[in-house]
2 protein chains.
Amino acid sequence: MAPPKQVNIAVIGTGGVGSVFISQLSWIAKNTASTHFSLCYIAMIDKALYHEDYSEIDIDTAVEAMEKSGKTPPSIPTIVDYLAAAPHKVITVDNTSSRAIAESYPEFLRKGISIVTPNKKAFSGSYQLWQDIFSAAESGGSLVYHESSVGAGMPIISTMKDFVHTGDEVTKIEGVFSGTMSYLFNAFAPWNGEGSKWSDSVKKAKELGFTEPDPRDDLNGLDVARKLTILGRLAGLPIESPDSFPVQSLIPTELESAKSGDDFLQKLPEFDSRMEEHKTAAMKVGKVVRYVGSIDMASKQVKVGMEWCDPTDPIATLKGSDNIISFHTKRYGSMPLIIRGQGAGGDVTAMGVSGDLLKVLVQLG
Amino acid sequence: MAPPKQVNIAVIGTGGVGSVFISQLSWIAKNTASTHFSLCYIAMIDKALYHEDYSEIDIDTAVEAMEKSGKTPPSIPTIVDYLAAAPHKVITVDNTSSRAIAESYPEFLRKGISIVTPNKKAFSGSYQLWQDIFSAAESGGSLVYHESSVGAGMPIISTMKDFVHTGDEVTKIEGVFSGTMSYLFNAFAPWNGEGSKWSDSVKKAKELGFTEPDPRDDLNGLDVARKLTILGRLAGLPIESPDSFPVQSLIPTELESAKSGDDFLQKLPEFDSRMEEHKTAAMKVGKVVRYVGSIDMASKQVKVGMEWCDPTDPIATLKGSDNIISFHTKRYGSMPLIIRGQGAGGDVTAMGVSGDLLKVLVQLG
């Protein structure tokens, strides 16, 4: 067989996920028999490194060299033109959570540049953008992979694609899609014990680094709604946007306008009784309360919010900040396929990106 | 982009998994935008259908036409020569559990014919065969995919490959790898109740079709040992064979020579006290007994047999005949990635095969 064709790789974003991804890319370059890629572009928010002749950038020293280069990143259209004119096929790895870059994916894809990314924004934005992305990929003959946009490195998107592309019928998807929400409810309403006060759970989660700097960015449920939007669309529902279905916010209305995350945390204990009511009501009927996202395909209903679960349900016995996702399909019948594990964090998110990169490489090379 | 290259497909085996696979292949042909494959060979144990000019066989009527054709299948070397001379790249889908075909994979692969299969025999036979298969694929520029050889359609092999190919370090794998063993122990020693007699569990499992015709073929543990062999090798252990590590058989020595499965079942109640002892001993320390397979990478220890599990362990709370597999890796840290679901049955096994076929198609096309 002919040796695989060379592929150029562009990396945007060298933060938490991006820096781990680059170390994984370096490992792959050194440990894969038929390496056939070369880095031609690397950028962070205010720095970039690339050569007009597309000459190879050494992966191990790329970040350092980029920081020293003094170049600022070109505009997105300029990046697209630069990459479209590369001597080989190009994969752009977007490790940012930038909306602007996400919205430009159709430009990349239409010009034959494949995309690999953990960035949720593109796939959970408007339905129009979703359609533009996949039709641009089709017309450009390019690929777009985004495993880490749901559940980090866990095989969620790939499993959904296997169902859809082999003709299984997904009937229901449900689970705990947020590590933060998982931690909060496992601590607040454990299936086999007393649990802590709601506000104490939130404070502890923040101390452990399990929340955004302002915990309201987790408690509003938007992150979960974005993931449900992506899975629902993959299953075939034309979901307009993450706010086109019911999402229960756990921010007391009175605290929506709190000045800061700290201000919010200080006032949160005043509202503990509300959450306590939910917990007690569930306990009275032998259930535990959990923050669940679900998609019911028959009724086309997507929703995110508190639900009562049986203590024997795998959702109830989740530990730590684990995510869990149950796929009910026609072929799996009465017992769902369940995937559980760490759904956030640099190492596993970057692994999802690296795994996707390898899958795209074997198709282009 | 140029349209994908045509690929020829050969299907061997039209039994339980094979017949479902063919209906999934038909679905894929009708529902995929850029179908670029054609069936050129189909065979069962004593019939075959193919044309000297490789003209396309209609998928929907293939089995019927094969049965009417009156041709017997050529010898394996003749099949290999026929497929190697096809006008396009070829994927052979082996839906049998034939050892002879498994042992001939290197011949197919060396001649550039890719293999997709649920057949465990090739990957859990001698380590020499394992090595021959992958070196033949490398020299032939062909691919070999076998997702359904462990856990049917569940994403087990693909997840292992993602760990290994992106540089994660698998430290431990453990789980319940047999639907039969799962059912038996969930019924015999439920985590939250009394449970049934061991011999009654076995009888009930047989009635429900959860065992082989002779239940000893499940109780000897060999099926689990084969799956552990495959996963261990993927993780990098040079496991010589499925009988090169400790496998606990649940067949009483006295019944190993029982004349038939029925004879075995009739005498099994005489030995119930032995299993009861295991259950009681575990219960005394608040545990439940389960039939577990595990691979510890640090000590290179692989073993299969009864273990005591905490009732909060996901292994203990398994239901029905579900399989469960926990991957402990460096990146996942203290909480493993867990995949649980139906690990046997025609529909889901065939789905694993179809999913693999699609992954090979995009690489060849």
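In the block above lies the structure referred to throughout.
What you see is a predicted model, and the numbers here were worked out from it, not measured in a lab.

(A) Structural context of the side chain of S182 of chain A. Residues and elements named next belong to chain A. Locating S182 in the fold gives a position in helix α8 (residues 179-188). Looking at S182, the relative accessible area reads 2%, which means it is buried. With sequence-adjacent residues up to four places away left out, S182 is seen in contact with V176, L318, K319, G320, S321 and D322.

(B) Main features of the relation of the copies chain B and chain A. When chain B is brought onto chain A, the operation consists of a screw motion whose angular component is 180 degrees and whose axial shift is 0.0 Å, with 0.0 Å RMSD remaining. A rotation of that kind, with that shift, is consistent with a two-fold axis. Both copies contact each other with a shared surface, as 98% of the interface residues of chain B are interface residues in chain A too.

(C) Region of the structure containing the interface of chain B and chain A. Taken together, the 43 residues of chain B in the interface contact 42 residues of chain A. For the chain B face of the interface with chain A, the top three residues by lost area are R331, Y332 and M351 of chain B, together amounting to 17%. There are 2 salt bridges connecting chain B and chain A. With a shortest N-O distance of 2.9 Å, K359 of chain B and D162 of chain A are connected by a salt bridge. Here chain B and chain A share 6 residue pairs in polar contact (both at pLDDT 80 or more) between them. Elements with a contribution of two residues or more to the side of chain B that touches chain A: α1 (16-31), α7 (157-166), β11 (337-342) and α14 (346-364) of chain B. Counting residues per element, the side of chain B that touches chain A draws most heavily on α14 of chain B, at 9 residues. Of the residues belonging to the side of chain B that touches chain A, the class tally is 19 nonpolar, 15 polar and 9 charged.

Definitions and cut-offs
Residues numbered from 1 in each chain as written. Chains lettered and ligands numbered in written order. Predicted model: local features only at pLDDT ≥ 70, side-chain atom pairs only at ≥ 80, totals over all residues. Heavy atoms only, no water. Helix = DSSP H or I, 4+ residues; strand = E, 2+ residues; numbered from the N terminus. Buried < 20%, exposed > 50% of the residue type's maximum accessible area, 1.4 Å probe, protein only. Contact = heavy atoms within 4.5 Å. Least-squares fit on C-alpha atoms with pLDDT ≥ 70 in both. Buried area = accessible area lost by both parts, 1.4 Å probe. Salt bridge = Lys/Arg side-chain N within 4 Å of Asp/Glu carboxyl O. Polar contact = N/O pair within 3.5 Å; in protein donor to acceptor, adjacent residues only side chain to side chain. Nonpolar A, V, L, I, M, F, W, Y, C, P; charged D, E, K, R; others polar.

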